[in-house]
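Fold and contact review
So the chains spell out like this:
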Amino acid sequence: MPKVHNFGAGPAKLPEEVYDIIRQELTDFDGTGISLLETSHRSSTYLKFNKEVQNVVRRLMKVPDNYKILFMAGGGQGQFAAVPMNLISRTGTADYLVTGAWSAKAAKEAKKYGKVNLVLPETNRYIVVPHESEWKLDPNASYVHICFNETIHGVEFDFVPDTKGVPLVADMSSNFFSRVVDVSKFGVIYGGAQKNIGTSGVALVIVREDLLNHALPICPSILDWTVTAKNDSILNTPPMFAIYIMGKVLEWIERQGGLEEMAKNALIKSSKIYKLIDESEGFYHAPVHRICRSKMNIPFRIGSHNGDEALEKEFLKGAEALGLIQLKGHRDVGGIRASTYNAVTMEEVDILVDYMKNFQMKHQA
Ligand code: PLP
């Protein structure tokens, strides 16, 4: 079997070095002689680790002191409910910018808890973040929600919107820690960990303190940011192992040189693939407008704009034979999707690009 190169969209590849650490520590957590898997969440070793993970988040993202860092169960979609339940009571309404399947889903969930204004409406084709001048934001909204990177459609914001004082809430599930962001421009940043920063089971939430204490009375304690903050993310038994892996991945990012380094690599890796697509004379087709092309998830079609399904099937089969796996596009969009998260190496991208070149040579008339 060839060496495997995992281009999956999530749960996604973890850095190999992190596996080495997990293997070493699996049965002896912090010199306790037992595994973290059988350690009390109230033990001093876990309490210490809980703080260490918060600290590495704070260092990497330069999180200002007036923001809380929370670890919550329920993944990204748990936060689709938590966001309105914690914020919408401020004015009863919220603005949602729909730029892909995930922000559409977040808006749908929010409608259960208050009035939702779709600033950018749902469509059946997401290929762009329309220019800010086209948005009609409600100055009375409790918050403005965006998905910073649409994992399925490959649409990424290349800027932080100016929401004129209304708190900006961003789902960063699939581009968390892949670029430098100015946290002070956001009210809340959240995301599931299973793409760039670990494994499923935990959502990381970064919330500005003045946005606490607004939860709806029906909000379950487990999704309540204020209750979670008061309990330092140990209200109940947290997803400890997922938090542990997140900590190890974040420490790895720090050792690599932090977010500047991640951003530099993400640009080089994604540009190699986009360049090949753009120079393929229509053999490969990337539907997303250049300015909002994701550096994390690269969807493309083969053969024509709508994709030649037989050719795409052959592409996937040939890729798998070379160990290039999980390249199938999401069922909503079809085609191919290459995810180039932090842990995917430059060499792996080169192998994919070579394969794409050879595949084109073989099939282009
Ligand atoms: N938001 C984005 C951008 C995602 O890509 C995903 C999952 O792929 C989610 C939210 C949902 O995350 P979860 O599966 O952790 O609920």
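Residues numbered from 1 in each chain as written. Predicted model: local features only at pLDDT ≥ 70, side-chain atom pairs only at ≥ 80, totals over all residues.

1. Here we look at the overall build of the protein chain
Quick note on the threshold: The helix and strand labels rest on DSSP assignments: H or I over at least four residues marks a helix, E over at least two residues marks a strand, and numbering proceeds from the N terminus. The globule rule used here is 2.2 Å times the number of residues to the 0.38 power, and the radius of gyration it is set against is calculated over C-alpha atoms. Exposure is read from a count of other C-beta atoms within 10 Å of each residue's own; the residue is exposed at 12 or fewer, buried at 20 or more and partly exposed in between. C-beta atoms are placed from the backbone. Once C-beta atoms are placed from the backbone, any two residues with those atoms within 7 Å are in contact.
Secondary structure summary: the protein chain contains 9 helices and 14 strands in total. A compact globule built from 365 residues should have a C-alpha radius of gyration of about 21 Å, and the protein chain, at 21 Å, falls within 12% of that. Taken along the three principal axes of its C-alpha coordinates, the protein chain extends 65 × 55 × 30 Å. Within the protein chain, buried positions represent 47% of all 365 residues. Long-range contacts, defined as pairs at least 24 residues apart, comprise 69% of the intrachain contacts of the protein chain with a sequence gap of at least 6.

2. Overview of the site of the ligand
Just so we agree on the cut-off: Whether a residue is near a molecule or strand depends on its C-beta atom, placed from the backbone, lying within 6 Å of it. Here the nonpolar group is Ala, Val, Leu, Ile, Met, Phe, Trp, Tyr, Cys and Pro; Asp, Glu, Lys and Arg are the charged ones; every other residue, Gly included, is treated as polar.
Close to the ligand lie Gly10, Gly75, Gly76, Gln77, Trp102, Cys147, Thr151, Asp171, Ser173, Ser174, Gly192 and Ser200. With 3 residues, helix H3 (residues 75-87) is the largest single contributor of residues to the shell around the ligand. For the shell around the ligand, the residue count by class is 2 nonpolar, 9 polar and 1 charged.

3. Comments concerning the UniProt feature "domain: Aminotransferase class V" (unreviewed entry) in the protein chain
Cut-off, in case you're wondering: UniProt positions are given in the numbering used here, feature names are shortened, and annotations may be inferred rather than shown by experiment.
Feature annotation in UniProt places "domain: Aminotransferase class V" (unreviewed entry) on residues 5-352, given in this structure's numbering. Between the C-alpha atoms that bound residues 5-352 there is a distance of 9 Å. The span itself is 33% helix and 16% strand.

4. Considering the domain arrangement of the protein chain
Basically, it comes down to this: Marked domain ranges trace back to an automatic or database domain assignment.
The domain architecture assigned to the protein chain consists of domain 1 (16-256) and domain 2 (258-363). Centre-to-centre separation of domain 1 and domain 2, based on C-alpha positions: 27 Å. Across the contact, 24 residues belong to domain 1 and 24 residues belong to domain 2. At the level of secondary structure, the elements contributing two or more residues to the side of domain 1 that touches domain 2 comprise strand S7 (155-156) and helix H6 (240-256). Of the residues forming the side of domain 1 that touches domain 2, the biggest block, 3 residues, is contributed by H6.

5. Overview of the nonpolar core
For clarity, the cut-off: To form a nonpolar core, buried Ala, Val, Leu, Ile, Met, Phe, Trp, Tyr and Cys residues must be joined through C-beta atoms within 7 Å.
Grouped together as the largest cluster of nonpolar side chains are 105 residues, with contacts concentrated most on Tyr96, Ala110, Val188, Leu204, Val205 and Met246. Each of domain 1 (16-256) and domain 2 (258-363) contributes no fewer than three residues to this core. Setting aside its immediate chain neighbours within four residues, Val205 contacts Leu70, Met72, Gln79, Val188, Tyr190 and Trp225.

6. Structural notes on the environment of Phe29
As for its position among the elements, Phe29 is in the loop between helix H1 (16-25) and helix H2 (44-61). Phe29 sits 117 residues away from Ile146 along the chain, and the two C-alpha atoms are 38 Å apart. The contact partners of Phe29, leaving out residues within four places of it in the chain, are Ile34, Ser35, Leu36, Thr39 and Thr45.

7. Some points on the confidence of the model for the protein chain
This is how the line gets drawn: A residue's pLDDT is the confidence the predictor assigns to it, expressed on a 0 to 100 scale.
Here the protein chain averages 97 in pLDDT, while 100% of its residues score no lower than 70. Both confidence scores are given for the complex: pTM 0.98, ipTM 0.99.

8. Some thoughts on helix H7 (residues 258-278)
Within an α-helix, residues lying three or four positions from one another point in the same direction, as the helix has 3.6 residues per turn. Going by this rule: Multiplying one less than the number of residues by 1.5 Å gives the expected span of a helix.
With 21 residues, H7 extends 30 Å between its outermost C-alpha atoms, agreeing within 8% with the 30 Å of an ideal straight helix rising 1.5 Å per residue. Along H7, the residues classified as buried are Leu259, Met262, Asn265, Ala266, Lys269, Ser270, Ile273 and Ile277.

9. Concerning the sheet that holds strand S14 (residues 336-339)
Applied cut-off: Two strands form a pair only when DSSP identifies at least two bridges running between them.
Pairing is antiparallel in the open sheet, where 3 strands are placed in the order S11-S12-S14. Of all the strands in the sheet, the pair left with one neighbour each is strand S11 (284-285) and S14. Pairing geometry for strand S12 (residues 297-302) and S14, over 4 bridges, is antiparallel. What sits directly across from Ile298, in S14, is Ala338.

10. As for the pairing of strand S9 (residues 188-192)
The element S9 is largely enclosed, with a buried count of 5 among its 5 residues. Both faces of S9 are covered, namely the face carrying Val188, Tyr190 and Gly192 and the face carrying Ile189 and Gly191. Pairing analysis gives 3 bridges linking strand S8 (residues 168-171) to S9, with the strands arranged parallel. Looking across to S9, one finds that Ala170 is bridged to Ile189. Sheet topology places S9 next to strand S10 (residues 203-208); 5 bridges connect them, and they run antiparallel.

11. Observations regarding the sheet that holds strand S2 (residues 67-72)
Note the following rule: Axis lines are fitted through C-alpha atoms, for helices just across the contact stretch, and the angle between N-to-C directions can take any value from 0 to 180 degrees.
If you trace the 7 strands from one edge of the open sheet to the other, you get S2-S10-S9-S8-S5-S3-S4, paired in mixed fashion. At either margin of the open sheet sits one strand with a lone partner, and together these are S2 and strand S4 (115-120). For this sheet the average axis-to-axis angle between neighbouring strands, irrespective of direction, equals 20°. In this structure, strand S3 (residues 93-97) lies alongside strand S5 (residues 144-147), joined through 2 bridges in parallel fashion. Its bridge partner lying in S5, Asp95 is registered against Val144.

12. Digging into the packing of H1 against H6
This is how the line gets drawn: In this scheme, roughly parallel covers angles under 35 degrees and roughly antiparallel covers those over 145, while 65 to 115 is roughly perpendicular and the rest are oblique. In this scheme the crossing of two helices becomes right-handed for a clockwise turn of the near helix relative to the far one and left-handed for an anticlockwise turn of less than a right angle.
Running from amino to carboxyl end, H1 crosses H6 at an angle of 130°, the nearest separation of the two axes being 10 Å. The angle between H1 and H6 places the two elements in the oblique class. Our pair here, H1 against H6, has a crossing hand that is right-handed. Two secondary-structure elements touch here, H1 through Glu17, Val18, Ile21 and Ile22 and H6 through Lys248, Val249 and Trp252. Residue composition of the contact of H1 with H6, grouped by class: 5 nonpolar, no polar and 2 charged.

13. Focus: the environment of Pro161
Locating Pro161 in the fold gives a position in the loop between S7 and S8. With 24 residues separating them in the primary sequence, Pro161 and Lys185 have C-alpha atoms 8.7 Å apart.

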